[in-house]
Amino acid sequence: MSSGIGDSTSAVHERLRRLPAVSRVLELLGKHPAASGVSLEVMTDLVRRELETHRRAVLAGGEPPDAGEIAQAVVDRLGLLFEPPLRPVINATGVILHTNLGRAPLSEETIAAMVQAARGYTNLEYDLEAGERGSRHVHAAAILREVTGAEDALVVNNNAGAVLLVLTALAQGREVIVSRGQAVEIGGGVRIPEILAQSGARLREVGTTNRTYIHDYAAAINENTALILRVHCSNFRLIGFVHETPLEELVALGKERGIPVLDDLGSGSLLDTSQFGLAREPMVQESVRAGAALVCFSGDKLLGGPQAGIIVGRAVLVERLRRHPLTRALRPDKVTIAGLVATLQHYRRGDAVARVPVWRMIATPLEHLQARAERWRQELAGRAPQLHCEVVPGQSAVGGGSLPGETLPTALLSVQIPGRDPAELARALRLGRPPIVARVERDRLLLDPRTVFPEDDPVVVEALARL
Ligand SMILES: *Cc1c(COP(=O)(O)O)cnc(C)c1O
């Protein structure tokens, strides 16, 4: 059937010829407001790519689009050139440190400091007094010494990096003793044994999953032991027949045998969480006071600052870390340093609970949350009779690798629409502008005002009314 093939080949050629010319599409786009500000070179490239896609579709038997369709497809793609992929999201889940939603929102002072550092030049590595090169590591160290009581401090990109740096610098080729109950996965698939392997240190597991005693550690020490590592179980809780060796006992053993103790707190807190009706998250100052040689924790968990890994502890050890080549690969940028210091200054001034959003959310009284949920309900009763709204008691979580299983009593707005799947309502909220992330539980859509900024209340009501 060679003639048939010939026919179809010429038909394809004919259809390919009907694909619009690049110049024709560019002409249409020239008048489109979305294309203003985009160079001709980039526009031409976008049109060519779009045409190429259609050329392949035509070869596969498709019909050629006209110039208007190609122009519209290019306009649709132009969003990528202007719209940031990270969009502000309203967090109505009640999980304060939501890792998937970017963990800690920052204080206004922190944001201002970061914007200022981003905008221009700064004395990041410049000693203004001497007029010569300085160190980026001095800026946060001073205030970290003050708020934690440690001799010295170093900041890297995140806490996983901090643990990797300490293990690499102090234990490469040697042994690190870890309780079996603490050789855990710390989230995002990152596991303590894997970080250890990456550092070139050897894991020496002691004890059992549920019980590890000081004599287990003592029996494992040998001439190859570099460190004792304690890892705070930040995302799960062991209950029942459990024994964790207290830090004080590890420090005493370490002192006796000349082995430094690294305390990975994960979140670490500078404030006492028990004053808010929560369990006590281990405090950084306490670990320092108890004599841990090094303590590391995250910048964007309960500290409430930008992503960072903070290491505080004995000056000789911090100095060794500072000089290690890996520190260069993990160093924070000027924006992070500016933001972290601004966040730490809240603790130094004593206004962290009032100014740091994470603490403000934790400290919000239940009556305020009830009043806001009730206001949402009332406004919706007037505007959106299709919604069945109710204010119900519920629980908010701190989240983000701190206080596992601990919750704060809250008031939730429960939303139902007869005949509509709550998962579908949640999806509609997620795809709105701005996206709102809510919870679905037992056939209801639940929104927690604790993690919604009060200035966003009208946006939430508006989005719900449109459901
Ligand atoms: C969260 C956590 C880490 C990792 O901290 P990042 O800042 O996310 O890198 C390490 N250790 C523990 C115990 C944690 O909870």
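Residues numbered from 1 in each chain as written. Predicted model: local features only at pLDDT ≥ 70, side-chain atom pairs only at ≥ 80, totals over all residues. Heavy atoms only, no water.

A few words on the domain arrangement of the protein. Under the domain assignment, the protein is made up of domain 1 (4-81), domain 2 (90-97 + 360-466) and domain 3 (106-355). Here the C-alpha centre of domain 3 lies 34 Å away from the C-alpha centre of domain 2. Contact with domain 2, which involves 13 residues of that partner, is made by 18 residues of domain 3. Around 1,300 Å² of area is buried between domain 2 and domain 3 when both sides are counted, 63% of it from carbon and sulfur atoms. Together, Arg360, Leu403 and Pro404 form the three largest contributors to the area buried by domain 2 at its contact with domain 3, with a combined 38%. A salt bridge links Glu406 to Arg237, with the nearest nitrogen and oxygen atoms 3.3 Å apart. Remark: the boundary between domain 2 and domain 3 carries 3 residue pairs in polar contact (both at pLDDT 80 or more). Those elements that place two or more of their residues in the side of domain 2 that touches domain 3 are helix 16 (357-363) and strand 14 (407-416). The dominant element in the side of domain 2 that touches domain 3, judged by the number of residues it contributes, is helix 16, at 3 residues. (Domains from an automatic or database assignment. Contact = heavy atoms within 4.5 Å. Buried area = accessible area lost by both parts, 1.4 Å probe. Salt bridge = Lys/Arg side-chain N within 4 Å of Asp/Glu carboxyl O. Polar contact = N/O pair within 3.5 Å; in protein donor to acceptor, adjacent residues only side chain to side chain. Helix = DSSP H or I, 4+ residues; strand = E, 2+ residues; numbered from the N terminus.)

Taking burial as the measure, the 5 residues of strand 4 (residues 152-156) include 5 buried ones, the bulk of the element. Side chains Asp152, Leu154 and Val156 of strand 4 all project onto a buried face; the interleaved residues Ala153 and Val155 project onto the opposite face, where all are buried too. Looking at chain direction, strand 4 and strand 12 (residues 309-313) are connected through 5 bridges and run antiparallel. Across the sheet, the residue bridging to Asp152 is Gly313, located in strand 12. (Buried < 20%, exposed > 50% of the residue type's maximum accessible area, 1.4 Å probe, protein only. Pairing = 2+ DSSP bridges.)

Under the counting rule described, the total for this entry stands at 35 salt bridges. Where Asp45 meets Arg49, a salt bridge forms, and the shortest distance between an N and an O atom there is 3.0 Å. Here the residue Asp45 and the residue Arg49 both occupy positions in helix 3 (residues 40-59), the gap between them amounting to 4 residues, near one helical turn. Of the residues examined, Asp45 reaches a relative accessible area of 36% and is grouped as partly exposed. Take Arg49: its relative accessible area is 53%, and that puts it in the exposed class. Of the charged contacts in the structure, one is a salt bridge between Arg56 and Glu52, with a shortest N-O distance of 3.6 Å. One end of the pair is Arg56 and the other is Glu52, both in helix 3 and 4 residues apart, which spans about a single turn. By relative accessible area, Glu52 is classed as partly exposed at 31%. Residues joined in a network through salt bridges with shared partners are Arg145, Asp152, Glu319, Arg322 and Arg323.

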